[in-house]
Amino acid sequence: MRKTRISTPIRYLINTALIVVLWVLLTVVISASGLKGEYYRGIMITIGINIILATSLNIVCGYLGQLPLGHAGFMAVGAYSGAIFMKSTPAAALLRAGNSAAVIPYLIIAVVIAAVVAGLFGLLIGIPALRLKGDYLAIITLGFGEIIRVVLTNIDSVLGFKVTYGASGLARIPKFTNFNVMYVFTVLILFLIHVFMKSRHGRAVLSIRDNEIASESVGINTTFYKTLAFVFSAMLAGVAGCLYAGYLGSLYPSTFKFMKSIEILVMVVLGGMGSMLGSIISAVVLTALPELLRSFSDYRMVVYSLALVLMMLFRPKGLMGTYDFSMGDTLERIIDRIRFGGKSRKEVQG
Amino acid sequence: MTFSLLIAQLINGLQTGSVYALVALGYSMVYGIIKLLNFAHGDIIMVGAYMVYYAIASFALPPIVAVILAVGVSTLLGVTVEKVAYTPLRSAPRLSLLITAIGVSFLLENGAQLVFGADQKSMDPMVTGSISMGGISVSYAAIVTIVVSVIAMVVLTIVVNRTKIGKAMRAVSEDMGAAQLMGISLNRTISMTFAIGSALAGIGSVLYLCAYPQASPTMGSMLGIKAFVAAVLGGIGSIPGAMIGGFVIGVLEALVAAAGFSMWKDAAVFLILIIVLVFKPTGILGKKIQEKV
Amino acid sequence: MSNVLKCEHLRVVFGGLAAVSDFNIEVNENEIAGLIGPNGAGKTTVFNLLTGVYVPTSGVITLCDKDLAGMSTIARSHAGIARTFQNIRLFKDMSVLDNVTNSFNTKMKYSVLEAMLRLPRYWKEEKEARKKALDLLHVFNMEDLAYENAGNLPYGSQRRLEIIRALATNPKLLLLDEPAAGMNPAETENLMETIGKIRDRFHIAILLIEHDMSLVMGICERITVLNFGQVIAQGTPEQIQKDPVVIEAYLGKQRD
């Protein structure tokens, strides 16, 4: 046991300081890189989106221990609902006028709409899906993701007016996602997941993963908590979708194919199901690597799938297992090391 | 819609349905024996289809050689996947096995893209012509497909019910531990299950090409998923269930298309799946399994 | 003394076979009762009926005079039934402390929003839960292991943690399914002490299934013997040890 205890407010302070430092660092890198800065900015925004997607999938996949294959569906729902809202606001004109501060309220509303709509879909599909387990849950969520895509492609012809613009794509969405917006939302969402998991609700979710029957025997309402985790995960995927729409400025149903769900799953599995740090690391690496090694991009999916199989065969727990990083705990350990020298933890304890 | 058009669509549906049924059998058998949704099963059809394409279009081999090649390669591939990727994980958590299957499926798809190219390879139809019965024109391809798949299913039923390996398969799917104690070789039985399932997929790939004479790297993914839906619909683990499920899905698709909603075909299939899973998760002929406490 | 658990004419049929039939038992407050019988006699089935895993074909189960019919496992836990499992079912990847605090879930009231905004009620209830869990671990000399992963504990400690986790739900009735399974004599001795301690400290009713006769005869005040789903004897340890029907069930009929 560690002897040093850092109080909670101090922990929060340290983490906030580090988040600000990282922001400064990335901003400096972007502005110091001249023409390439724009390119780096784009990669960083994509990384942010993928971090949100991976960590949100990790809630259901890692913490709840189920395998949903329709994450791209929730992302699509969030993307389209956020984008359709943004197109109805004066955000585009404001952005053209260079008044990005005035866009912020619209942006927040768009993100909330995306989260709520994706969450509702999560509820709609979660209630039937979570009564099933394992492969059935996988296939029902897969089916749901595909239905979303088919609906997005064909809904216009049924409704008789233009909403999603079908396969030709929803274009001219105000590009409201800049680096700062992305950074703030990524940090915010990581924080939300963290505080959710470190609560009675998070514990209940973990206990269901570890042993559902035992959870019920200590009075955990397993159906409620499974649905909660599923809806929460869907909402965050919706937010990621909304920010994605605001970054690209156009949306196509074909982006949200089954393949996209698998790509996100690969990030979670390689990082280690149940480790937020793992999801973050693999989201960063798997986004940056194909960008940096352009020639590699043809082989990207082959390598992904091979990595998935090899990981399951040789290191099924993923890169990080279920280990989660805590700055406070790490600092405590370092301070212990300084105060008590190289003595093992046992000796310190005794 | 005229009556004759409806009949024609029904026959179309039965034709696609019999391909689904053949593929669904592979899913169902594997699921019955190791409780794995073998995602890679659909992609085995894709490889089989490429074999037929190359044999006929590139090397101008006689169709029968193409068929033997497709079935042989499919079988070999199925067993190899099982030995390399699934056997080491037999005692691992179900989730790991499922993720591995997804990985293998994508490996096959993307590998095929590298090896065969991303574009669609079209070939001349293998079976041409049609016969007119009471004013309804039925293609020979449809007849061949339906007849061949019915024969395959009859043979499979006999194998499973009458032969030693069939009995072993049923025993292992009932209780793996007990079957092993009775002297049944687990490895051999599971491999045989994969071999038979993959051989059926190989036949399926040939029949698929009769209906749609083209091969592409991702052709197996949707076909596979729909066949899995068919297996679930019929009751996973049940052989007659898989057949019924396959025909139902095929006919359903044909009817949706006939009603003018061909773009919604996939959505309709998945909607049926969701409805079945919600109201009767065991499917039409499935059994209920309860976890022991 | 009021009785906590009462089963009347409990019967369950699986596929035409009566796994348990005409099962009657009463367990009182502050009492340790034993349920014994050869393998496959239906002991765990009784536990599964009590906890709502199986639905009885007929018969009545009451807990403190409250009929439990139609209640789910979760509802029965809230009503005051806690159990351990024959094959340990801990939350392996969670800390020992979290294994215990998880049992307080329904007694804590803060909402998801309060947790996410870290409002005062979150801090207050979490602090209380942590203290209560540590106190409980302290009673069983396990507070040093509070931050270990439950899956890394030695076997005996895992069994003990499962009991603590059950106790943390604040039950009226504690069901122990073969608590001494796989333990060596020293560990069993230790366990007997623990079970005695639970009764003296928490004043609850305990019903345990056990094959270790030294444990059963040593701490149970009343014993029920099941064979082929039927109660063949009920009484004090002394009565059970002398009962010819019980001896026959365990050792087979003696030939004259």
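A quick note: this is a predicted structure, and the numbers were derived from the prediction, not measured.

A. A look at the overall build of chain B. When you go through chain B residue by residue, the secondary structure sums to 11 helices and four strands. Over its C-alpha trace chain B gives a radius of gyration of 19 Å, about what one expects of a compact globule, namely 19 Å for 293 residues. Expressed along its principal axes, the backbone C-alpha trace of chain B runs to roughly 60 × 45 × 35 Å. Within chain B, the proportion of its 293 residues that are buried is 52%.

B. Inspection of the overall build of chain C at higher detail. Secondary structure summary: chain C contains 10 helices and 10 strands in total. Against the 2.2 N^0.38 benchmark of 18 Å for 256 residues, chain C shows a C-alpha radius of gyration of 19 Å, consistent with a compact globule. In terms of its C-alpha atoms, chain C occupies a principal-axis envelope of roughly 75 × 40 × 35 Å. Counting over 256 residues, chain C shows a buried share of 43%. When contacts within chain C are restricted to residue pairs at least 6 apart in sequence, those whose partners lie at least 24 apart make up 68%.

C. Inspection of the environment of Ala-178 of chain B at higher detail. All names here are of chain B. Position of Ala-178 among the secondary structure elements: in helix 7 (residues 176–181). Judged by local crowding, Ala-178 falls into the exposed class, with 11 C-beta atoms found within 10 Å. Sequence-wise, Ala-178 and Gly-250 are 72 residues apart; in three dimensions their C-alpha atoms are separated by 38 Å.

D. Broad picture of unusual backbone geometry. All names here are of chain C. Positive phi, normally seen in glycine, also occurs at Asp-22, with a value near 45°. Position of Asp-22 among the secondary structure elements: in strand 2 (residues 17–28). For Asp-22, a count of 14 C-beta atoms within 10 Å puts it in the partly exposed group. At Glu-178, a residue that is not glycine, the phi angle is positive and equals roughly 45°. Topologically, Glu-178 is positioned in the loop between strand 7 (173–177) and helix 7 (185–202). Judged by C-beta crowding, with 20 C-beta atoms within 10 Å, Glu-178 ranks as buried.

E. Structural view of the sheet that holds strand 6 (residues 81–83) of chain C. All names here are of chain C. The strand order 6-7-8-3-9-10 describes an open sheet built from six strands, whose pairing is mixed. Of all the strands in the sheet, just strand 6 and strand 10 (230–235) have a single pairing partner and so form its edges. Going from strand to strand, the sheet's axes swing by 20° on average, the running direction of each strand aside. Helix 7 rests against strand 3 (32–36), strand 7 and strand 8 (205–209) of the sheet, and its axis sits at about 155° to strand 8.

F. Region of the structure containing the pairing of strand 8 of chain C. All names here are of chain C. In terms of residue burial, strand 8 counts as a mostly covered element, since five of its five residues are buried. Neither face of strand 8 is left uncovered, since the one carrying Ala-205, Leu-207 and Ile-209 and the one carrying Ile-206 and Leu-208 both have all their residues buried. Note: strand 3 against strand 8, four bridges, orientation parallel. Its bridge partner lying in strand 8, Gly-34 is registered against Leu-208. In terms of strand pairing, strand 7 meets strand 8 through five bridges, oriented parallel. The partner of Leu-176 across the bridge, within strand 8, is Leu-208. In this fold, strand 7 hands off to helix 7, which returns the chain to strand 8; that crossover is right-handed.

G. Region of interest: the interface of chain A and chain B. With 28 residues of chain A in contact, the opposing surface of chain B contributes 34 residues. Sorting the residues of the side of chain A that touches chain B by element identifies helix 6 (134–159), helix 11 (258–271) and helix 13 (300–314) of chain A as the ones contributing at least two each. Ranked by the residues each element gives to the side of chain A that touches chain B, the list is headed by helix 6 of chain A, at 13 residues.

H. Spotlight on the nonpolar core. Counting 273 residues, the largest nonpolar core has Val-239 of chain A together with Leu-173 and Ile-206 of chain C as its most contacted members. Looking at this core, the element that brings in the most residues is helix 10 (residues 222–248) of chain A, giving 17 residues. Setting aside residues up to four positions removed in sequence, Leu-173 of chain C forms contacts with Val-4, Leu-5, Val-27, Leu-63, Gly-80, Ile-81, Ile-204, Ala-205 and Leu-207 of chain C.

I. Up close: the interface of chain A and chain C. Each partner contributes to the interface: chain A provides 22 residues, whereas chain C provides 27 residues. The element best represented in the side of chain A that touches chain C is helix 8 (residues 200–210) of chain A, accounting for seven residues.

J. Structural detail: helix 10 of chain A. If you check helix 10 of chain A, its first and last C-alpha atoms are 39 Å apart, about what 27 residues at 1.5 Å a residue would give, namely 39 Å. Within two residues after helix 10 of chain A, Gly-249 of chain A carries a phi angle of roughly 85°, on the positive side.

K. Inspection of helix 6 (residues 155–167) of chain C at higher detail. Its 13 residues place the ends of helix 6 of chain C 19 Å apart at the C-alpha level, agreeing with the 18 Å of an ideal helix rising 1.5 Å per residue. Contact partners of the buried residues in helix 6 of chain C: strand 6, helix 3 (96–101), helix 5 (120–139), strand 7 and helix 7 of chain C.

L. How the structure looks around the environment of Leu-57 of chain A. All names here are of chain A. Along the chain, Leu-57 falls in helix 2 (residues 35–63). Residue classification places Leu-57 among the buried positions, given that 30 C-beta atoms sit within 10 Å. When near neighbours in sequence (up to four residues on either side) are disregarded, Leu-57 contacts His-71, Ser-233, Ile-264, Leu-265 and Val-268.

M. How the structure looks around the pairing of strand 1 (residues 3–14) of chain C. Residue and element names in this part refer to chain C. Note that strand 1 and strand 2 share eight bridges and pair antiparallel. Within the sheet, the bridge partner assigned to Cys-7 lies in strand 2 and is Ile-25. The turn joining strand 1 and strand 2, which pair antiparallel and follow one another in sequence, is formed by two residues; a positive phi near 50° is taken by Gly-15. The pairing of strand 1 with strand 4 (residues 58–63) spans five bridges and is antiparallel. Considered in strand 4, the bridge of Lys-6 is made with Thr-62.

N. Summary view of the environment of Leu-308 of chain A. For Leu-308 of chain A, the position within the fold is in helix 13. When the C-alpha positions of Leu-308 of chain A and Leu-265 of chain A are compared, they lie 9.4 Å apart, and in sequence the two are 43 residues distant.

O. Molecular detail of the packing of helix 10 (residues 239–258) of chain B against helix 11 (residues 265–279) of chain B. Residues and elements named next belong to chain B. Where helix 10 meets helix 11, the closest approach of the two axes is 9 Å, and the angle between their N-to-C directions is 135°. Put simply, helix 10 runs oblique to helix 11. Seen from above, helix 10 lies across helix 11 with right-handed handedness. Of the residues in helix 11, those in contact with Ile-249, Leu-252, Glu-253, Val-256 and Ala-257 of helix 10 are Lys-265, Ala-268, Val-269 and Ile-272. Tallied by class, the residues present in the contact of helix 10 with helix 11 amount to seven nonpolar, no polar and two charged.

P. Quick peek at the confidence of the model for chain B. Model confidence for chain B is summarised by a mean pLDDT of 89, while 97% of its residues fall at 70 or above. Per-element confidence in chain B ranges from a low mean pLDDT of 81 for strand 2 (residues 130–133) of chain B to a high of 95 for helix 3 (residues 63–86) of chain B.

Q. Quick look at the confidence of the model for chain C. Of all residues in chain C, 98% attain a pLDDT of 70 or more, and the chain-wide mean is 91. In the predicted complex, the global pTM is 0.90; the interface-specific ipTM is 0.92.

R. Quick look at the packing of helix 11 of chain A against helix 12 (residues 276–292) of chain A. Residues and elements named next belong to chain A. Where helix 11 contacts helix 12, the two axes come as close as 7 Å, and the packing angle between them is 125°. Between helix 11 and helix 12, the interaxial angle falls into the category oblique. Helix 12 is crossed by helix 11, and the crossing has right-handed handedness. Taken together, the residues of helix 12 that come into contact with helix 11 (itself represented by Val-266, Met-267, Val-268, Leu-270 and Gly-271) are Gly-278, Ser-279, Ile-281, Ser-282, Ala-283 and Leu-286. Of the residues belonging to the contact of helix 11 with helix 12, the class tally is seven nonpolar, four polar and no charged.

S. View of the sheet that holds strand 2 of chain C. The antiparallel open sheet is built from four strands, whose spatial order is 2-1-4-5 (chain C). Only two strands of the sheet have a single partner each, and these edge strands are strand 2 and strand 5 (66–67) of chain C.

About the cut-offs
Residues numbered from 1 in each chain as written. Chains lettered and ligands numbered in written order. Predicted model: local features only at pLDDT ≥ 70, side-chain atom pairs only at ≥ 80, totals over all residues. Helix = DSSP H or I, 4+ residues; strand = E, 2+ residues; numbered from the N terminus. Rg over C-alpha atoms; globule rule 2.2 N^0.38 Å. Buried ≥ 20, exposed ≤ 12 C-beta atoms within 10 Å, placed from the backbone. Contact = placed C-beta atoms within 7 Å. Pairing = 2+ DSSP bridges. Axes fitted to C-alpha atoms, helices over the stretch in contact; angles between N-to-C directions. Right-handed = clockwise from strand over helix to strand, strands pointing away. Core = buried A, V, L, I, M, F, W, Y, C linked by C-beta atoms within 7 Å. Expected span 1.5 Å × (residues − 1). Parallel < 35°, antiparallel > 145°, perpendicular 65-115°, else oblique. Left-handed = near helix turned anticlockwise from the far one by under 90°. Nonpolar A, V, L, I, M, F, W, Y, C, P; charged D, E, K, R; others polar. pLDDT = per-residue confidence, 0-100.

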